[in-house]
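Per-entry structural report
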Amino acid sequence: MTITESDLPGVGKKFEIELGGGEEMIVVIHNTGKREVFRRRDPDADSEKAFEFSDDLARTIGSIIEGAYFQPVEPETQETTLPGGILLEWYELPPGSPLVGETLESADIGNRTGLAVVAIQRGDEVLDSPGAETTLREGDTLIGVGTPENCAAFEEILTE
């Protein structure tokens, strides 16, 4: 899959994404925040406008596609790569984890591993930007951001 990016002076940016079989998706992001999605069925065809989104709606749809709202696969960790090779991963605290009962402050995850815990899913509740006083519980799903090395270091302390 090839993605080509080009400036549209006075308009914004255009991204052309090869989908295979000669088909392309074109995304135009306007300076105003508006997004337009076009489809080109083959290299010789004209682009057909498929969708137009406001900035907020486009970001919500992007989060859904990325998997921030629902993860269809449930391996032990879920990996999403952000720009710059930074990973966004989900970790469930297993029974017997040494982190269960610790607060984020006492667990010292950031200093020990470099991983930043940005949210905790606890049942149907999501604790966004959890504070240092947040106590970790068995079954919590920690959403962390870090480099592959940070993630590997966190996985080691998850089940020490």
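Residues numbered from 1 in each chain as written. Predicted model: local features only at pLDDT ≥ 70, side-chain atom pairs only at ≥ 80, totals over all residues. Heavy atoms only, no water.

1. Things to note about the packing of aromatic side chains
Keep this limit in mind: Stacked, tilted and edge-to-face pairs are distinguished by plane angle, under 30 degrees for stacked and over 60 for edge-to-face with tilted covering the rest, among Phe, Tyr and Trp rings (Trp via its six-membered ring) whose centres lie within 6.5 Å. Buried, partly exposed and exposed residues are distinguished by accessible area as a fraction of the type maximum, computed with a 1.4 Å probe on protein chains only: under 20%, between the cut-offs, and over 50%, respectively. Helix and strand definitions here come from DSSP, where helices need a minimum of 4 consecutive H or I residues and strands a minimum of 2 consecutive E residues; each element is numbered from the N-terminal end.
Counting across every chain of the model gives two aromatic pairs. Centroid distance Phe51 to Phe53: 5.6 Å. Interplanar angle 15°. Geometry classified as stacked. Exposure remark for Phe51: the relative accessible area of 48% places this residue in the partly exposed category. Each ring, one from Tyr91 and one from Phe154, has its centre 4.9 Å from the other, and the planes form 65°; the classification is edge-to-face. Of this pair, Tyr91 sits in strand 7 (residues 86-92) while Phe154 sits in helix 4 (residues 148-158); the two residues are 63 residues apart in sequence, bridging distant segments of the chain. Under the relative-accessibility criterion, Tyr91 is labelled buried at 1%.

2. A few points about the nonpolar core
Taken as a class, soluble globular proteins show a tendency for nonpolar side chains to be buried jointly. Put simply, the test is: Among buried residues, the Ala, Val, Leu, Ile, Met, Phe, Trp, Tyr and Cys ones that are joined through side-chain atoms within 4.5 Å form a nonpolar core. In this analysis, two residues are considered to be in contact whenever any of their non-hydrogen atoms come within 4.5 Å of each other.
Within the largest apolar cluster, 17 residues are counted, with the highest numbers of intra-cluster contacts made by Leu99, Ile109, Ile120, Leu136, Leu142 and Phe154. Mapped onto this core, the elements with two or more residues apiece are strand 7, helix 2 (104-107), strand 8 (116-122) and helix 4. In this view, Leu99 contacts Leu93, Ala107, Ile109, Arg112, Leu136, Phe154, Ile157 and Leu158; residues no more than four positions away in its chain are not counted. Counting five residues, the second-largest nonpolar core is a separate cluster that includes Ile17, Val27, Val37 and Ala58.

3. What about helix 4?
How we decide: Starting at the helix axis, one direction is taken to each C-beta atom, and the arc is that of these directions.
What helix 4 keeps buried is the set Asn150, Cys151, Phe154, Ile157 and Leu158. Down the axis of helix 4, the smallest arc covering the buried residues is 125°, so these residues share one side. The exposed set on the far side of helix 4, more than 90 degrees from its buried face, consists of Glu149 and Glu156. Buried positions along helix 4 lie against strand 7, helix 3 (109-113) and strand 10 (141-146).

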